[in-house]
Amino acid sequence: MRYLTAGESHGKQQTTIIEGLPARMPITPNDINDSLLRRQKGHGRGKRMQIEKDLVDVVGGVRHGYTLGSPIALVVHNDDFKHWIDVMGEDPVSEDQNIRRVVTRPRPGHADLNGALKYGHRDMRNILERSSARETTARVAAGAVAKTLLKHLDINIVGYVKEIAGIKAEEKPELSIDDKIRISEESTVRCLDEAVGQQMMDAIDQAKKDGDSIGGVCEVAIEGLPAGIGSYVQYDRKLDGRIAGAVQSINAFKGVEFGIGFEAARKNGSEVHDEILWSEERGYYRRTNRLGGFEGGMTTGMPVIVKGVMKPIPTLYKPLQSVDIETKEPFNASIERSDSCAVPAAAVVMEHVVAFEIAKAILEQFPNDQFPKLKETIDGYREEIRCF
Ligand SMILES: Cc1cc2nc3c(=O)[nH]c(=O)nc-3n(C[C@H](O)[C@H](O)[C@H](O)COP(=O)(O)O)c2cc1C
Ligand SMILES: C=C(O[C@@H]1CC(C(=O)O)=C[C@@H](OP(=O)(O)O)[C@H]1O)C(=O)O
């Protein structure tokens, strides 16, 4: 299974095409819309999110509530496009008409300058339109389809916020995955601890007042995955590696950890590795889950726990110095609108990009053109490894 996205931030629409999904899998637009609406919400977002109301138009690959086995095509319209028709239209415009709107002032931390140097665009709007995290709408749409497949296979996945600007939420081992899913849906800051979440929201409000931005850490948990998904036999079949790549590819993400992650460097082996136990009911399982559900690029059958680090948003009301590419003069940028913190929204994006990688690995390992047969195969595999 693979997907591609297309679309500019202030253009007509975001488009997603997914190929490789089996036929006869139940799916409705609501499965996708729930995810899209969750991505839009989250404390710290700017005025753009008040304009957009992301709803999917399923334009291919689904009929009467079931996948057909053909490519799935999804469209989400940009409601903001109506304010940008003269800037984003596809008809050629003269230099005179365009000159007032040309973007020549790159923002430190965004794709503007490197993209201009690479593609030779002297109007950096040609860069920022596509490098904008508006594109994560299309990725979440793809991930929502993958999540639907996982849900039908009894695999649950949820993303939430662990840390914002150094304010950390402690582990909550008493929460079930269903509790986490409910809290992640209801909380506007997506923190599993309400009191810590309030502190995070205060920090976001303060950053906004200061004209600054803040980052944080998102975590994704997956339960219900059988052991042995992924492979050790080639570097590009290691599922933890693929997940890490997908998380790192989210706009503004700067690092990925599984389980105790970087902490492993400071511990002895006896404090890191997860001892193996066996019971009739569970088959093989682990006393602990410090490695976050992966050994040798394959799942261990324990919950997968992955964290992603998001840097603070680069567009700042408090300007940073940069250089105008036309005049070569320094300037201090002033901006019209931006998110001050998108970590709660990014937790939803992360959940969906991870869901896609997992669904893709499952379909690679158990290829099947028909969803009901895939489900039977997975159930059989679960029983096989329980009795192994
Ligand atoms: C959900 C989400 C919302 C974002 N909102 C903004 C924003 O309002 N302004 C901004 O400058 N960057 C925003 N970003 C981050 C930029 O898109 C990102 O920093 C940029 O594409 C450069 O990529 P890099 O940071 O990965 O190097 C957002 C990222 C995400 C995931
Ligand atoms: C539009 C979305 O996020 C945008 C991501 C983004 C950026 O530079 O990455 C900049 C902002 O857009 P604008 O410049 O139009 O205010 C965010 O709102 C979205 O998440 O749907």
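Calculation notes
- Residues numbered from 1 in each chain as written.
- Chains lettered and ligands numbered in written order.
- Predicted model: local features only at pLDDT ≥ 70, side-chain atom pairs only at ≥ 80, totals over all residues.
- Heavy atoms only, no water.
- pLDDT = per-residue confidence, 0-100.
- Helix = DSSP H or I, 4+ residues; strand = E, 2+ residues; numbered from the N terminus.
- Contact = heavy atoms within 4.5 Å.
- 1 Å grid on protein atoms, 1.4 Å probe; cavity = no way out; pocket = protein on both sides within 12 Å on 5 of 7 lines; lining within 4 Å.
- Points joined across faces, edges and corners; volume = space filled by probe spheres on them.
- Nonpolar A, V, L, I, M, F, W, Y, C, P; charged D, E, K, R; others polar.
- Core = buried A, V, L, I, M, F, W, Y, C linked by side-chain atoms within 4.5 Å.
- Buried < 20%, exposed > 50% of the residue type's maximum accessible area, 1.4 Å probe, protein only.
- Near = heavy atom within 4 Å.
- Polar contact = N/O pair within 3.5 Å; in protein donor to acceptor, adjacent residues only side chain to side chain.
- Sits in = over half its atoms within 2 Å of the grid points.

Engineer: Could you clarify how one ought to interpret the confidence of the model for the protein in this entry?
Structural biologist: Low-pLDDT stretches of the model should not have their predicted coordinates read in fine detail. Taken over all residues, the pLDDT of the protein has a mean of 95, while the share at 70 or more is 98%. Interface confidence for the predicted complex, expressed as ipTM, amounts to 0.99; the pTM equals 0.97.

Engineer: Is there a simple way to think about the environment of Pro-29 in this case?
Structural biologist: Along the chain, Pro-29 turns up in helix 1 (residues 29-40). Residues within four places of Pro-29 in sequence aside, it is in contact with Val-56 and Val-58.

Engineer: What should I look at first to understand the layout of surface pockets in this one?
Structural biologist: Where empty space is left becomes clear once a probe the size of a water molecule has been rolled over the atoms. Roughly 1500 Å³ of internal volume is contained in the largest pocket. Along the walls of the largest pocket sit 50 residues, with Arg-107, His-110, Leu-128, Thr-315 and Arg-337 positioned nearest its centre. The set of elements that each furnish at least two residues to the lining of the largest pocket consists of helix 2 (48-51), helix 6 (125-131), strand 10 (253-258) and helix 11 (343-365). Looking at the lining of the largest pocket residue by residue, the class counts come to 20 nonpolar, 15 polar and 15 charged.

Engineer: Help me out: how do you make sense of the nonpolar core in this one?
Structural biologist: By size, the foremost hydrophobic cluster in this structure holds 75 residues, and its most contacted members are Val-354 and Ile-362. The next biggest cluster of nonpolar side chains, apart from the first, holds eight residues, and it includes Leu-175, Ile-177, Ile-183 and Ile-305.

Engineer: What is the right way to look at the site of ligand 1 in this model?
Structural biologist: Around ligand 1 sit 18 residues in total, of which Ser-131, Ala-252, Lys-311, Thr-315 and Asp-339 are the nearest. Within the backbone of Ala-252, an N or O atom sits 2.9 Å from an oxygen atom of ligand 1. Interatomic distance of 3.1 Å between a side-chain N/O atom of Ser-338 and a nitrogen atom of ligand 1. The site holding ligand 1 turns out to be the largest pocket. For the shell around ligand 1, the residue count by class is seven nonpolar, six polar and five charged.

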